[in-house]
Amino acid sequence: MSSKSKHNRKPKIAVFKFASCDGCQLSLIDAEDELLGVVGAVDIAYFPEVSRTMLKGPYDIGLVEGSVTTHGDAQRIQEVRRQCKTLVAIGACATAGGIQALRNWKDVDEFIRVVYATPQYISTLKLSTPIAEHVPVDFELRGCPINKYQLIELITATLIGRKPNIPAYSVCLECKRKANVCIAVARGTACLGPVTQAGCGALCPSYDRGCYGCYGPMETPNTASLTDQFRVLGQTDEQISQAFRGFNAWAWQFRKASEECERK
Amino acid sequence: MTGRASRTIHVETLARVEGEGSLYIKLMGERVADVKLKIYEPPRFFEALLRGRHFSEAPDITARICGICPIAYQMSAIHAIERALNIRIDPSVRLLRRLFYCGEWIESHTLHVYMLHAPDFLGCQDVIEMARDHREVVERALRLKKIGNRIVQLLGGREIHPISAAVGGFYKVPTKNQLREMVEDLEWALEASLETVRWTGTLDFPDFEQDYEFVALRHPDEYPFNEGRLVSNRGLDIDAAEYEDHFVEQHVKHSNALHSVVRGRGSYLVGPLARFNLNFDKLPEVAQKAASEAKLRPPVKNPFRSISVRAVELVFACAEALRIIREYEPPALPRVEVPNRAAVGQAITEAPRGILYHRYAIDDKGLIIAAKIVPPTSQNQKRIEDDLREYAARLVAWPQEEATWKCEQAIRNYDPCISCATHFLKLTVERAEADGL
């Protein structure tokens with residue numbers, strides 16, 4: 001009896017938030033058509049944004065949103081890792097430090113003085129860092145925000161024990177599949193599509209603007225070549241550096257590219 | 001035996017709010033000695049990291065302050081910069097921005113009314129538990145929310161952090177036919193919103209009224225989204241440019257969010273109650289009628305009834321979206337060119353949770369020199385604490401668990417967004433238990 005009920009136990013899912021905007025965990029609630037199906041298949045054990053019920057671990061799957069920016073959070077992520085069998089970092093904050101990683105190139109004490117009248121009330125780390133810089137992570141789901149269908153694919157794959165089908169190729173492939181005219185070639189628009197991982201569905205080029213890299217670097221990005229191409233399009237090194245320094249600024253490939261332009 | 005001792009109500013992690021906060025209330029006998037809505041969400045320093053970035057990036061960067069209301073950030077940023085640079089936009093672009101905001105209000109209000117707030121009234125821990133006994137209600141909510149999201153997706157590419165809004169207009173605008181495809185869904189959504197007003201009217205509301213200063217935008221011809229003067233029921237009537245002369249942010253030790261007060265007066269309330277009470281005459285007839293049937297007449301001073309007022313705003317947003325779609329003709333150009341020039345500009349728009357103020361100073365290369373952002377939740381934060389101070393005093397005789405839940409519900413009246421306020425909230429109701437209590 002007890003072994004049967006153990007076998008039928010639904011997997012326990014927990015959602016944790018660090019420094020972030022809440023958008024990635026909202027993606028799960030935004031999956032309106034799939035939501036009741038997902039909550040039928042799992043046990044939402046800890047998801048404060050949705051429920052007052054907060055069950056203790058251990059959990060089968062832990063989804064972590066946000067970056068680590070405080071001493072307290074640097075300790076909390078260790079405990080979260082211990083409690084989760086599979087730990088997944090979701091979104092640009094959790095996988096690359098997020099837009100708040102722009103502080104990593106600045107004096108954070110000066111940042112505090114700009115925003116807060118009484119700086120001594122604020123406790124923060126000098127760097128905003130991704131989850132993988134603190135604990136081993138089983139999978140990183142990219143995007144600012146993540147794609148809700150990729151999230152459901154990831155949860156489904158994890159539940160049945162297969163590898164999630166989430167491509168690491170560039171936005172360019174998505175553009176080609178949509179038969180978009182290349183805005184970089186046809187209009188000379190600076191576009192990060194060639195070095196950015198797919199997943200958004202080539203949204204920005206489809207709306208007549210250059211990709212701004214919100215899914216972070218693709219598997220093997222040729223940032224040096226794209227930097228040269230941006231120069232041909234008339235961009236200054238300062239502009240190119242800032243283009244790489246967006247929502248995934250601290251991802252090492254983008255970080256390196258932005259710092260190379262800065263040195264010139 | 002219950003009278004003199006002190007006790008505390010403490011909620012370490014507030015649920016069903018956006019972001020991380022806690023509550024701490026200390027009761028000394030029947031007196032509320034201390035109320036702290038703590039925001040421990042880590043600070044992200046947006047105002048500092050915007051410096052040195054080009055103004056065209058401000059809508060996309062500030063959207064990342066909040067995944068629930070990114071359009072509000074995009075709209076306030078865009079309007080502040082356009083005001084700084086004296087940009088005139090095409091009337092069709094103006095209509096599309098209103099439609100964009102309708103989508104966000106529908107999505108955000110539906111999320112809060114049904115998924116975050118309603119479980120409190122029904123005694124459920126969450127919407128999942130609510131779905132067991134009220135499945136058709138939850139299914140209505142999901143479909144309604146999806147329709148709001150579809151508007152955002154159509155105009156902006158995706159629901160969260162949409163990519164099409166720009167200073168000067170949109171990167172790409174929809175065709176008439178694309179918008180017309182939304183009509184059938186929106187007609188259903190209008191009926192579902194009317195049903196939402198009726199349904200929320202059947203809930204039990206605590207008898208609790210406060211004397212608020214309501215602050216909202218007011219426009220001569222329409223229910224406010226992007227434009228208008230900032231007014232209150234206590235005589236405030238100013239342009240966005242004068243905001244900082246009348247409102248001050250205070251940094252308090254227990255919070256990573258700044259408390260905002262009206263200079264010389266104190267706390268104030270922004271959001272659906274304020275908009276409804278100050279702009280009832282600008283609601284379309286269908287929304288006014290729904291409000292009257294639910295016995296909502298301005299001024300509504302019971303914050304627990306905000307759930308019904310949000311439902312009335314759902315009716316407004318659906319009716320307004322239908323009106324815009326019927327009137328829409330695409331603009332000649334999706335956006336106008338915006339040259340670099342040194343300037344300063346401010347704007348206020350109505351986020352789902354209330355007014356959102358942005359100010360930017362830009363140099364002659366178009367780079368941001370200084371930015372200031374005041375989100376709705378930091379403006380409501382002091383008011384939430386004031387409500388709790390009054391409300392908790394009525395709960396002294398209640399058992400701990402029920403009193404704690406009621407205090408949480410009182411916070412959720414405001415649909416607080418902690419991610420926003422930090423640029424918000426942890427509930428400790430501390431009650432030193434009386435012997436034998």
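Residues numbered from 1 in each chain as written. Chains lettered and ligands numbered in written order. Predicted model: local features only at pLDDT ≥ 70, side-chain atom pairs only at ≥ 80, totals over all residues.

## Some remarks on the overall build of chain B
- A count of helical and extended segments in chain B gives 15 helices and 14 strands.
- For 437 residues, the compact-globule estimate of 2.2 N^0.38 gives 22 Å, and the C-alpha radius of gyration of chain B, at 21 Å, lies within 12% of that figure.
- Once the C-alpha set of chain B is aligned to its principal axes, its extents read approximately 75 × 45 × 35 Å. (Helix = DSSP H or I, 4+ residues; strand = E, 2+ residues; numbered from the N terminus. Rg over C-alpha atoms; globule rule 2.2 N^0.38 Å.)

## Observations regarding the domain arrangement of chain A
Residue and element names in this part refer to chain A.
- Partitioning chain A into domains gives domain 1 (2-160) and domain 2 (171-263).
- Domain 1 puts 15 residues into the contact, and the matching count from domain 2 is twelve residues.
- Among the elements that take part in the side of domain 1 that touches domain 2, helix 5 (residues 91-96) stands out by supplying three residues, more than any other.
- Looking at the side of domain 1 that touches domain 2 residue by residue, the class counts come to seven nonpolar, seven polar and one charged. (Domains from an automatic or database assignment. Contact = placed C-beta atoms within 7 Å. Nonpolar A, V, L, I, M, F, W, Y, C, P; charged D, E, K, R; others polar.)

## Details of the nonpolar core
- Membership of the largest hydrophobic core comes to 215 residues, with the highest contact counts inside it found for V64 of chain A together with V312 and V315 of chain B.
- Two domains share this core, each providing at least three of its residues, namely domain 1 (2-160) and domain 2 (171-263) of chain A.
- For V315 of chain B, the residues in contact, after removing those within four places along its chain, are L190, S193, L194, V197, V286, A287 and A290 of chain B. (Core = buried A, V, L, I, M, F, W, Y, C linked by C-beta atoms within 7 Å. Buried ≥ 20, exposed ≤ 12 C-beta atoms within 10 Å, placed from the backbone.)

## Here we look at the interface of chain B and chain A
- Across the contact, 46 residues belong to chain B and 48 residues belong to chain A.
- Elements that contribute at least two residues to the side of chain B that touches chain A include exactly helix 1 (46-49), helix 2 (58-63), helix 4 (91-122), helix 5 (127-133) and helix 6 (135-156) of chain B.
- With four residues, the single largest contributor to the side of chain B that touches chain A is helix 6 of chain B.
- Across the side of chain B that touches chain A, the residue classes break down as 19 nonpolar, twelve polar and 15 charged.

## Regarding the sheet that holds strand 5 (residues 139-141) of chain A
All names here are of chain A.
- In space, the five strands of this open sheet follow the order 2-1-3-4-5, with parallel pairing throughout. Bordering the open sheet on either side are strand 2 (43-46) and strand 5, each of which pairs with just one other strand. Each strand axis lies, on average, 30 degrees off the axis of its neighbour in the sheet, ignoring direction.
- Looking at chain direction, strand 1 (residues 12-17) and strand 3 (residues 59-65) are connected through five bridges and run parallel. Residue pairing across strands places I13 opposite I61, the latter belonging to strand 3.
- Running at roughly 160 degrees to strand 5, helix 7 (residues 148-160) makes contact with strand 3, strand 4 (84-90) and strand 5 of the sheet. (Pairing = 2+ DSSP bridges. Axes fitted to C-alpha atoms, helices over the stretch in contact; angles between N-to-C directions.)

## Notes on the confidence of the model for chain B
- Here chain B averages 91 in pLDDT, while 94% of its residues score no lower than 70.
- The complex model carries a pTM of 0.94, and its ipTM stands at 0.95. (pLDDT = per-residue confidence, 0-100.)

## Here's the deal with the sheet that holds strand 7 (residues 229-232) of chain B
All names here are of chain B.
- Sheet architecture is open: three strands sit in the order 6-7-8, paired in antiparallel fashion. Whereas interior strands pair on both sides, the edge strands pair on one side only; in this sheet they are strand 6 (215-218) and strand 8 (237-238).
- Most of the contacts of helix 10 (residues 272-279) go to strand 6, to which it runs at about 50 degrees, and overall it touches strand 6 and strand 7.

## Structural notes on the pairing of strand 4 of chain A
All names here are of chain A.
- Among the seven residues of strand 4, five are classified as buried, and the element is accordingly described as predominantly covered.
- The pairing of strand 3 with strand 4 spans six bridges and is classified as parallel. Across the sheet, V64 pairs through a bridge with A89, a residue of strand 4.
- Here strand 4 runs beside strand 5; their pairing, made up of three bridges, is parallel. Looking across to strand 5, one finds that I90 is bridged to L141.

## Quick look at unusual backbone geometry
Residue and element names in this part refer to chain A.
- Cis peptide bonds are those with omega within 30 degrees of zero, and the linkage from C144 to P145 qualifies with 5 degrees.
- Its location among the elements puts P145 in the loop between strand 5 and helix 7.
- The residue A179 is not glycine, and still its phi comes out positive at about 60 degrees.
- Residue A179 is classed as exposed on the basis of its C-beta count, with 6 C-beta atoms lying within 10 Å.
- Of note, the phi angle at D208 is positive, near 60 degrees, even though the residue is not glycine.
- With respect to the helices, strands and loops of the structure, D208 is situated in the loop between helix 10 (203-206) and helix 11 (223-232).

## Thoughts on the environment of G366 of chain B
- Among the structural elements, G366 of chain B can be located in the loop between strand 12 (354-362) and strand 13 (368-374).
- A C-alpha to C-alpha distance of 34 Å links G366 of chain B and A321 of chain B, two positions 45 residues apart in sequence.

## Considering helix 8 (residues 183-201) of chain B
Residues and elements named next belong to chain B.
- Counted at 1.5 Å a residue, the expected span for helix 8 with its 19 residues is 27 Å, and the 27 Å between its end C-alpha atoms agrees.
- Among the residues of helix 8, those classed as buried are L186, A189, L190, A192, S193, L194, T196, V197, W199 and T200.
- Buried positions along helix 8 lie against helix 4, helix 6, helix 11 (285-293) and helix 12 (306-327). (Expected span 1.5 Å × (residues − 1).)

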